[in-house]
Amino acid sequence: MLTPEDIEKFINNAPKCEVRQSGIDGYGLFAKELILEAEQIIDFSFLNFYQEVRYADQTDEFLREGKFIGISEEICLTAEGSTKFAAVNHSRNLNAVVDLEKRQVFALIDIQLNEEITIDVRLEPMSERAKQFSPWL
């Protein structure tokens, strides 16, 4: 669960968004202004921040915390710090999608001011072991 202290340390890789209390779960990422369909919302492509790691090399505690982005069934991205991507909540009524090749999040529809950004983590590739720790799958 995110804390206000965590949020203060976030790297701002989503300039049109802000983190605040969510009705979905804890904190969420919300539009500060209109975001148009197909517009980039979040960029997590900076290679010096994220590291690729193998699921098989991770502890159960790491997988339970869910502080990673699945990019294949064998590999996920993790980082020492956090970006605003960490505040994005899961919803089956998503309004954004993760492009794993570009390592960016794009709007599926126009997202209005104050609307929460959501993705469907069920679309994220993940090892069978990692899936055991995801409450959304």
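Just so we're clear, the structure is a prediction, and the values are computed from it rather than from any experiment.

### Thoughts on the nonpolar core
Thinking step 1. Among the nonpolar cores identified, the biggest contains 25 residues, and Leu29, Ile41, Ile42 and Ile117 are the most heavily contacted of them.
Thinking step 2. Mapped by element, the contributors of at least two residues to this core are β1 (17-21), β2 (27-31), β3 (40-43), β9 (104-107) and β10 (116-119).
Thinking step 3. The biggest single contributor to this core is β2, with three residues.
Thinking step 4. Apart from residues lying up to four places away in sequence, isoleucine 42 is in contact with Asn13, Ala14, Leu29, Phe85, Val88, Gln104 and Val105.
Thinking step 5. With nine residues, the next largest nonpolar core counts Tyr55, Leu63, Phe68 and Ala130 among its residues.

### Details of the packing of aromatic side chains
Thinking step 1. Applying the stated rule across the entire model yields five aromatic pairs.
Thinking step 2. Between the aromatic rings of tyrosine 55 and phenylalanine 68, the centroid separation amounts to 5.6 Å while the plane-to-plane angle is 85°, which identifies the pairing as edge-to-face. With tyrosine 55 in the loop between β4 (50-54) and α2 (60-65) and phenylalanine 68 in the loop between α2 and β5 (69-70), this pair connects stretches of sequence that are 13 residues apart. Pair check on accessibility: tyrosine 55 and phenylalanine 68 agree, each one buried.
Thinking step 3. Of the aromatic side chains, those joined through ring pairs into one cluster are Phe44, Phe49, Tyr50 and Phe85.

### A short note on the layout of surface pockets
Picture a little ball the size of a water molecule; that probe, rolled over the atoms, points out where space is still empty.
Thinking step 1. Roughly 1,200 Å³ of volume is contained in the largest pocket.
Thinking step 2. Looking at the lining of the largest pocket, the elements that each hand over two or more residues are α2, β6 (75-79) and β7 (89-90).
Thinking step 3. Looking at which element gives the most residues to the lining of the largest pocket, the answer is α2, with four residues.
Thinking step 4. The class makeup of the residues in the lining of the largest pocket is 24 nonpolar, nine polar and eight charged.

### As for the environment of glutamate 37
Thinking step 1. As for its placement among the helices and strands, glutamate 37 is situated in the loop between β2 and β3.
Thinking step 2. Excluding residues that lie within four positions of it along the chain, glutamate 37 makes contacts with Ala107, Leu108, Ile109 and Asp110.

### Re the side chain of serine 91
Thinking step 1. Along the chain, serine 91 falls in the loop between β7 and β8 (96-99).
Thinking step 2. For serine 91, a relative accessible area of 15% corresponds to the buried category.

### What to know about the sheet that holds β3
Thinking step 1. Pairing is antiparallel in the open sheet, where three strands are placed in the order β3-β9-β8. Unpaired on one side and paired on the other, β3 and β8 mark the two borders of the sheet. Averaged over all adjacent pairs, the angle separating strand axes in this sheet is 25°, with direction ignored.
Thinking step 2. Two elements, β8 and β9, share four bridges in a ladder whose sense is antiparallel. Across the sheet, alanine 96 pairs through a bridge with alanine 107, a residue of β9.

Reading the values: rules and limits
Residues numbered from 1 in each chain as written. Predicted model: local features only at pLDDT ≥ 70, side-chain atom pairs only at ≥ 80, totals over all residues. Heavy atoms only, no water. Core = buried A, V, L, I, M, F, W, Y, C linked by side-chain atoms within 4.5 Å. Buried < 20%, exposed > 50% of the residue type's maximum accessible area, 1.4 Å probe, protein only. Helix = DSSP H or I, 4+ residues; strand = E, 2+ residues; numbered from the N terminus. Contact = heavy atoms within 4.5 Å. Phe/Tyr/Trp six-rings, centres within 6.5 Å; stacked < 30°, edge-to-face > 60°. 1 Å grid on protein atoms, 1.4 Å probe; cavity = no way out; pocket = protein on both sides within 12 Å on 5 of 7 lines; lining within 4 Å. Points joined across faces, edges and corners; volume = space filled by probe spheres on them. Nonpolar A, V, L, I, M, F, W, Y, C, P; charged D, E, K, R; others polar. Pairing = 2+ DSSP bridges. Axes fitted to C-alpha atoms, helices over the stretch in contact; angles between N-to-C directions.

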